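These are the residues of each chain, in order.
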There are 2 protein chains.
Amino acid sequence: MTDQATADLWPGERTEAARRLLLAAVESFARRGYHATTTRDIATGAGMSPAALYIHYPSKAALLSEISRTGHRATLDLVEGAEAASGEPVEQMRRLVEEFTAWHARGHTVGRIVNNELHALPEDAFAEVAELRIRIEDTVRRIIEKGVARGEFEVPDSRTAARAVTSLGIDVARWYTDRSTESPEELGRRYGVLVLRMLGSAAA
Amino acid sequence: MTDQATADLWPGERTEAARRLLLAAVESFARRGYHATTTRDIATGAGMSPAALYIHYPSKAALLSEISRTGHRATLDLVEGAEAASGEPVEQMRRLVEEFTAWHARGHTVGRIVNNELHALPEDAFAEVAELRIRIEDTVRRIIEKGVARGEFEVPDSRTAARAVTSLGIDVARWYTDRSTESPEELGRRYGVLVLRMLGSAAA
């Protein structure tokens, strides 16, 4: 059930027990929804007792917080990495959309959870994740505005355009399944072309 | 809490009690998530006893089914209406995106539920809703392909493009709130421009 992108979120930095709990939480939240999941469901999924779970995480909210923080940090890294990889807004945007789209396709299980359960986060985690989301959207907007300033993009409103770009990628996590016929990379390339056009680029 | 678009979904065709139960179900599902909502929550929200609820609906799944069917039928009407309103693919698509987007902004509460809880539907309702979703996407694709055939649109792949168009509108229900600064109509107009560009139209 767990896709590779989800498994890769926690490579070696956690203890094996914490990692098993995080993956079991992702699976339970995806299957039952966050609210209907109990810590017992998660512990069982990880092959542990509820008491053993509490050694690592005080609550299911703590697990959701770590999943959401990790997912959002990885997304921000990807977005900022695309910006840093080139000085050209067209190339920055193409790479950003290709990777952002492919990431939401590969990581659709965790993507659905972190995007649908924002309001279930405890206050401190919500504030941190909201800040990461703003930085992601600001990066997209910065690239758009740089392209507009250079005459390479032309949009009615850079905030709406940035929202549309991120929205298109985020929604991939809702509809993409392991049975989808396009690979994450192929979908990324096609979305890259569509987004560059949407931004009025002559390069697409 | 209930937005106008949700209230308008059940105008006069239901009994007052059934209507109150549907609206209370939308509110409960939106607040707690479908899985964590009980029929008692819904009955209480409608100012009724659980026994009174069962006179109208045998289960919360029956309420979800009616909400999802009604929401999807209304969406299909809107999409087919946009196609019927003009013979020109550019105008059909502009109108479709404007109305589809504004609809998901106005009806964001019910939009979130019907899009996130598809897999909670009983088999017969799922089959019916899946069929409605296919007809919605087929309408979008038909308009795109007509535009391509006339040389007015140009896309790498009409299926991916149709998916991107519907995805962009559906995701509005996830992020739009009553505190959003753009009105549903303004957002619809801007998305109309962005989508026509995305489809390679010279008209946007």
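Residues numbered from 1 in each chain as written. Chains lettered and ligands numbered in written order. Predicted model: local features only at pLDDT ≥ 70, side-chain atom pairs only at ≥ 80, totals over all residues. Heavy atoms only, no water.

Asks: What's the story with the side chain of E182 of chain B in this structure? I'm lost.
Replies: Residue and element names in this part refer to chain B. Within the secondary structure, E182 is located in the loop between α9 (158-175) and α10 (184-198). Given a relative accessible area of 13%, E182 falls into the buried group. Here the side chain of E182 touches R190 through a polar contact of 2.7 Å, side chain to side chain. (Helix = DSSP H or I, 4+ residues; strand = E, 2+ residues; numbered from the N terminus. Buried < 20%, exposed > 50% of the residue type's maximum accessible area, 1.4 Å probe, protein only. Polar contact = N/O pair within 3.5 Å; in protein donor to acceptor, adjacent residues only side chain to side chain.)

Asks: It is not clear to me how the UniProt feature "DNA-binding region" (unreviewed entry) in chain A should be interpreted in this structure. Could you clarify?
Replies: UniProt annotation of "DNA-binding region" (unreviewed entry) refers to residues 38-57 of chain A when read in the numbering used here. Within residues 38-57 of chain A, the helical portion is 70% and the strand portion 0%, while the C-alpha atoms at the span's ends are 13 Å from each other. (UniProt positions renumbered as here; feature names shortened; annotations may be inferred.)

Asks: What exactly am I supposed to notice about the environment of L63 of chain B here?
Replies: Residue and element names in this part refer to chain B. Mapped onto the fold, L63 is located in helix α5 (residues 60-84). Residue L63 is classed as buried on the basis of its relative accessible area, which comes to 0%. As a C-alpha pair, L63 and R189 span 126 residues in sequence and 33 Å in three-dimensional space. Discounting residues that sit within four places of it in the chain, L63 has contacts with L21, L22, A25, I42, L53 and Y57. (Contact = heavy atoms within 4.5 Å.)

Asks: Teacher, can you tell me more about the relation of the copies chain B and chain A here?
Replies: Note: a rotation about an axis with an accompanying shift along it relates these two copies of the chain. Mapping chain B onto chain A is achieved by rotating through 180° and translating by 0.0 Å along the same axis, at an RMSD of 0.0 Å. As the rotation angle and translation indicate, the two copies are arranged about a two-fold axis. Of every C-alpha in chain B, the one belonging to M198 of chain B sits nearest the axis of rotation, 2.1 Å from it. Comparing interface residues between copies, 100% of those in chain B also sit at the interface in chain A, which points to an isologous, same-surface contact. (Least-squares fit on C-alpha atoms with pLDDT ≥ 70 in both.)

Asks: How should the packing of aromatic side chains be read in this particular structure?
Replies: Describing an aromatic ring pair means giving the distance of the ring centres and the angle of the ring planes. Taken as a whole and judged by the stated rule, the model has 4 aromatic pairs over all chains. Seen from their ring centres, W175 of chain A and Y176 of chain A are 6.0 Å apart, and the 55° between their planes marks the pair as tilted. Given the relative accessible area of 5%, Y176 of chain A is considered buried. Positioned above the aromatic ring of Y34 of chain B is the side chain of K60 of chain B, whose terminal nitrogen or guanidinium carbon lies 4.3 Å from the ring centre. (Phe/Tyr/Trp six-rings, centres within 6.5 Å; stacked < 30°, edge-to-face > 60°. Lys NZ or Arg CZ within 6 Å of the ring centre and 35° of its normal.)

Asks: What exactly am I supposed to notice about the interface of chain B and chain A here?
Replies: Much of the literature gives interface size as the accessible area that the parts lose upon coming together. Facing 34 residues of chain B, the contacting portion of chain A comprises 34 residues. Counting each side, the surface lost to burial between chain B and chain A is near 2800 Å², with a carbon and sulfur contribution of 56%. The interface formed by chain B and chain A holds 4 salt bridges in total. A salt bridge links E154 of chain A to R197 of chain B, with the shortest nitrogen-to-oxygen separation between them at 3.5 Å. (Buried area = accessible area lost by both parts, 1.4 Å probe. Salt bridge = Lys/Arg side-chain N within 4 Å of Asp/Glu carboxyl O.)

Asks: Would you mind showing me how to read the pattern of salt bridges here?
Replies: Should the charged atoms of two oppositely charged side chains come close, the side chains can pair. Evaluation of the coordinates by the stated rule reveals 40 salt bridges over all chains. Across the salt bridge formed by E182 of chain A and R190 of chain A, the nearest N and O atoms sit 2.7 Å from each other. A salt bridge links E128 of chain B to R73 of chain B, with the shortest nitrogen-to-oxygen separation between them at 2.6 Å. Pair noted here: E128 of chain B is in helix α8 (residues 123-149) and R73 of chain B is in helix α5, with a separation of 55 residues, a long-range link. Take R73 of chain B: its relative accessible area is 41%, and that puts it in the partly exposed class. One salt-bridge network, held together by shared partners, links D157 of chain A together with E182, E186, R189 and R190 of chain B.

Asks: Hey, could you run me through the packing of helix α6 (residues 89-106) of chain B against α9 of chain B in this one?
Replies: Geometry of a packed helix pair, given as the angle between the helix axes and the separation of the axes. Residue and element names in this part refer to chain B. In the contact formed by α6 and α9, the axes pass within 7 Å of each other and the chain directions differ by 25°. Between α6 and α9, the angle falls in the class roughly parallel. With respect to the hand of their crossing, α6 and α9 are arranged in right-handed fashion. Counted together, M93, V97, F100, T101, H104 and A105 of α6 and V165, T166, G169, I170, V172 and A173 of α9 form the full contact between these two elements. Looking at side-chain class alone, the contact of α6 with α9 contains 8 nonpolar, 4 polar and no charged residues. (Axes fitted to C-alpha atoms, helices over the stretch in contact; angles between N-to-C directions. Parallel < 35°, antiparallel > 145°, perpendicular 65-115°, else oblique. Left-handed = near helix turned anticlockwise from the far one by under 90°. Nonpolar A, V, L, I, M, F, W, Y, C, P; charged D, E, K, R; others polar.)

Asks: Please clarify how the nonpolar core should be interpreted in this entry.
Replies: Across soluble globular proteins, nonpolar side chains have a tendency to be buried as a group. In terms of nonpolar packing, the biggest core is built from 131 residues, with M93 of chain A together with M93 of chain B touching the most fellow members. The contact partners of M93 of chain A, leaving out residues within four places of it in the chain, are V140, I143, I144, F153, V165, V195, L196 and L199 of chain A. (Core = buried A, V, L, I, M, F, W, Y, C linked by side-chain atoms within 4.5 Å.)

Asks: Can you help me understand the domain arrangement of chain A in this one?
Replies: All names here are of chain A. Annotation of chain A at the domain level lists domain 1 (4-56) and domain 2 (60-198). Computed from C-alpha atoms alone, the centre-to-centre distance between domain 1 and domain 2 is 25 Å. Counting residues at the interface gives 18 residues for domain 1, matched by 17 residues for domain 2. For the domain 1 and domain 2 pair, buried surface summed over both sides reaches about 1600 Å², with 74% attributable to carbon and sulfur atoms. Between the two partners, domain 1 and domain 2, sit 0 salt bridges. Here the side of domain 1 that touches domain 2 gets 6 residues from one element, more than from any other, and that element is helix α2 (residues 16-32). The residue makeup of the side of domain 1 that touches domain 2, split by class, is 13 nonpolar, 4 polar and 1 charged. (Domains from an automatic or database assignment.)

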